[in-house]
Amino acid sequence: QKNSNFQPGRNSIVQMFEWNWGNLAKECETFLGPKGFAGIQISPPNENVVVGDEGRPWWERYQPLSYQLTTRSGDEGALADMIKRCNNAGVRVYADVVFNHMAAKGGSGTGGNNCDPSKKSYPAVPYGPDDFHPDCMINNYQDVNNVRNCQLVGLPDLDQSKQYVRDKIVGYLNHLVDLGIAGFRVDAAKHMWPADLSAIYGSVKNLNSAYFPGGSRPLFYQEVIDYGTEPIKKGEYTGFGRVLDFVHGGQLTNVFRGQNQLKNLQSWGTSWGLASGSDTVVFIDNHDTQRDNGRVLTYKEAKQYKMANAFMLAHPYAEIPKLFSGYYFNDNKQGPPGQDNICAEGSGWVCEHRWRQIANMVGFRNAVSGTDMTNWWTDGYQQIAFGRGNKGFVAFSLSGDIKADLQTSLPPGTYCDVITGDISNNSCTGKTVTVRGDGKATIHLSSGEPDGILAIHVSAKL
Ligand code: LM2
Ligand code: CA
């Protein structure tokens, strides 16, 4: 189902790539909860094969060995504790679940079990040869049978039409529901049949009533990579869940790299090839696209990346935005750095979610929730500004200075620009903007400033 299960007043998910459960619990309590984040997407929590010979790459977590809950992020006890503490801090937890396939590499797993893919043997589930599709490689994305019944990069392909396989998957998802999870990011959904997914989702139990209203259903948001060039469409999956929209990050990357003008964002929405905002989860980058040779903006192009994320968070089009937080890398297969002093300078972690501009736009989105876009303005080229009813106002410049009297719908007063500062001791550490009695404000945003964004809202009013 599509309901986010967010706590009221919260609106954004952040993918906390490769964070361990202990650090995440603390981050929910000390940063994510207080800053108004609605949810976290965690790396796959089930046992995966240890890929020792290649230096424990991040992608070993996409090679499941069993559904036991022990990984390098922690064991079941640590996972349960984190989910409880995050829920108590107001932050929902969404698990990345991998059940299209099992490990292609043989050997031991992060929970101490073993597998032998050449025999299709995963005794800790257990799965055996009858549970998989016959061997064939995915090599033709124009053939839906090939994409769904063959092996993705050689990973043994489970047959989700079998009741036994469905039962094992549902058992795994139910286990996570019991621990207090709010929903699932379904890995490789495009490589599974919609009817099988619909049956699996429908069999998962209601959410844990310790945290959620009775009868709540888990959110399912599915990885269906659809750039419009293949026969498998995201619309095949929106009857029973949301889809991750891969067009979204590409389009905003083009705009904020200057390959399309900001003024064109006036029509931002489905006319850009995006699915309806009520059917999707949208994002700028994820763990895969971040490594896809500059396909989308990432921390490596920090100014434009902040602008694209800020636009995503400021705009009313999509219901559920997803941010990304990970670690510095050059080599695409490099695994995560050590987890001590995570987010400290030199730790190796980027911690995009803690960047003031990003975290404060999460707060902006919460403050303007429920309002429409108002007072659209553009210089006709690379500068835009718009309001969110009587709750907020934002401006972006990719080229040149904005120095203009713009109409807002905000109540008069002095506001703190949450891009350049924060409110502390009743004063603003960054720029301030005065909204006059007629709702007009003089907006200054010069091309020399580091961020190219100005954002004010009623929860940061002096
Ligand atoms: C996904 N979505 O559909 C994940 O978002 C993506 O990160 C996963 O690929 C993929 N599907 C499978 O879950 C990653 C990574 C691959 C890696 C796989 C499995 O991008 O490079 O493949 O995880 O670990 C690796 C090797 C590949 C090898 C394969 C099987 O890179 O060369 O193929 O393992 O041994 C022979
Ligand atoms: Ca498949």
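Up top you'll find the structure we're talking about.
## Observations concerning the coordination of the calcium ion (ligand 2)
Stage number 1. At this site the calcium ion (ligand 2) is bound by N100 (OD1), R148 (O), D157 (OD), D157 (OD) and H191 (O), with donor distances of 2.4 to 2.6 Å.
Stage number 2. Positions of the donor residues of the calcium ion (ligand 2), expressed as sequence spacing, correspond to N-x47-R-x8-D-x33-H. With a gap of 48 residues between them, N100 in the loop between β3 (92-97) and β4 (107-108) and R148 in helix α3 (residues 144-149) connect regions that are remote in the sequence.
Stage number 3. For R148, a relative accessible area of 3% puts it in the buried group.

## Here's the deal with the nonpolar core
A general feature of soluble globular proteins is that nonpolar side chains tend to end up buried together.
Stage number 1. One finds I40, M82, F99, F256, L265 and F396 to be the most contacted residues of the largest nonpolar core, which totals 128 residues.
Stage number 2. Ignoring any residue separated from it by four or fewer positions in sequence, one finds F256 in contact with L262, L265, L297, Q304, M307, A308, F311, F396 and L398.

## Some details on the pairing of strand β20 (residues 453-457)
Stage number 1. Where burial is concerned, most of β20 is hidden: five out of the five residues are buried.
Stage number 2. Burial along β20 is two-sided: the face carrying I453, A455 and H457 and the face carrying L454 and I456 are both buried.
Stage number 3. Summarising the sheet, strand β13 (residues 392-397) and β20 pair through five bridges and their orientation is antiparallel. Note on β20: the bridge partner recorded for A395 is L454.

## Some details on the pattern of salt bridges
Close approach of charged atoms allows side chains of opposite charge to pair.
Stage number 1. Within this structure, the stated rule accounts for 26 salt bridges.
Stage number 2. Between R354 and E27 there is a salt bridge; the shortest N-O distance is 2.8 Å. With R354 in the loop between β10 (321-325) and α8 (356-368) and E27 in helix α1 (residues 21-32), the pair connects residues that are 327 residues apart, well separated along the chain.
Stage number 3. A relative accessible area of 36% places R354 in the partly exposed class.
Stage number 4. Residue E27 is classed as buried on the basis of its relative accessible area of 3%.
Stage number 5. Two residues, E449 and K431, come together in a salt bridge whose shortest N-O distance is 2.9 Å. One end of the pair, E449, is in the loop between β19 (440-445) and β20; the other, K431, is in the loop between β17 (427-428) and β18 (432-435), and 18 residues separate them in sequence.
Stage number 6. Salt bridges sharing partners connect three or more residues here, namely E18, R56, E60, R61 and R72.

## A look at the state of the cysteines
Stage number 1. On inspection of all chains with the given rule, the structure shows four disulfides.
Stage number 2. The residue that forms a disulfide with C28 is C86, at a sulfur-sulfur distance of 2.1 Å. Linking C28 and C86, the disulfide has an S-S dihedral of approximately 90° and is accordingly described as right-handed. Taken as a pair, C28 in helix α1 and C86 in helix α2 (residues 76-88) lie far apart in primary sequence, 58 residues in all.
Stage number 3. Using a relative accessible area of 0% as the deciding quantity, one classes C28 as buried.
Stage number 4. Across the disulfide, C343 is cross-linked to C351 (sulfur-sulfur distance 2.0 Å). Taking the torsion about the S-S bond as the criterion, the C343 to C351 disulfide, at about -95°, is left-handed.
Stage number 5. On the accessibility criterion, C351 (3% relative accessible area) is buried.
Stage number 6. Once the bonded cysteines of the protein are numbered in order along the sequence, the disulfide links fall as 1-2, 3-4, 5-6, 7-8.

## Topic: empty space enclosed by the protein
Stage number 1. A full pass over the atoms with the stated rule returns one cavity of 30 Å³ or more.
Stage number 2. Approximately 30 Å³ is the volume attributed to the largest cavity.
Stage number 3. Residue lining of the largest cavity: H248, W268, M312, H315, Y317 and A318, and that is the complete set.
Stage number 4. Among the residues making up the lining of the largest cavity, the classes are represented as four nonpolar, two polar and no charged.

## Topic: the layout of surface pockets
Stage number 1. Of the voids in this model, the largest pocket is the one considered here, and its volume is about 790 Å³.
Stage number 2. Per-class residue counts for the lining of the largest pocket are 11 nonpolar, seven polar and 10 charged.

## Here's the deal with the sheet that holds β3
What links the strands of a sheet is backbone hydrogen bonding, and the strands pair in either a parallel or an antiparallel sense.
Stage number 1. The sheet built from eight strands closes into a barrel, its strands ordered β1-β2-β3-β6-β7-β8-β9-β10 with parallel pairing. Neighbour to neighbour, the strand axes of the sheet diverge by 30° on average, direction disregarded.
Stage number 2. As judged from the four bridges shared by β3 and strand β6 (residues 183-186), these two strands associate in the parallel manner. Paired with Y94 across the bridge in β6 is G183.
Stage number 3. Along the sheet, helix α4 (residues 163-179) makes contact with β3, β6 and β7 (219-223), crossing β3 at roughly 160°.

Cut-offs and rules
- Residues numbered from 1 in each chain as written.
- Chains lettered and ligands numbered in written order.
- Predicted model: local features only at pLDDT ≥ 70, side-chain atom pairs only at ≥ 80, totals over all residues.
- Heavy atoms only, no water.
- Donors = N, O, S within 2.8 Å, 3.2 Å for Na, K, Ca; no water.
- Helix = DSSP H or I, 4+ residues; strand = E, 2+ residues; numbered from the N terminus.
- Buried < 20%, exposed > 50% of the residue type's maximum accessible area, 1.4 Å probe, protein only.
- Core = buried A, V, L, I, M, F, W, Y, C linked by side-chain atoms within 4.5 Å.
- Contact = heavy atoms within 4.5 Å.
- Pairing = 2+ DSSP bridges.
- Salt bridge = Lys/Arg side-chain N within 4 Å of Asp/Glu carboxyl O.
- Disulfide = S-S within 2.5 Å.
- 1 Å grid on protein atoms, 1.4 Å probe; cavity = no way out; pocket = protein on both sides within 12 Å on 5 of 7 lines; lining within 4 Å.
- Points joined across faces, edges and corners; volume = space filled by probe spheres on them.
- Nonpolar A, V, L, I, M, F, W, Y, C, P; charged D, E, K, R; others polar.
- Axes fitted to C-alpha atoms, helices over the stretch in contact; angles between N-to-C directions.

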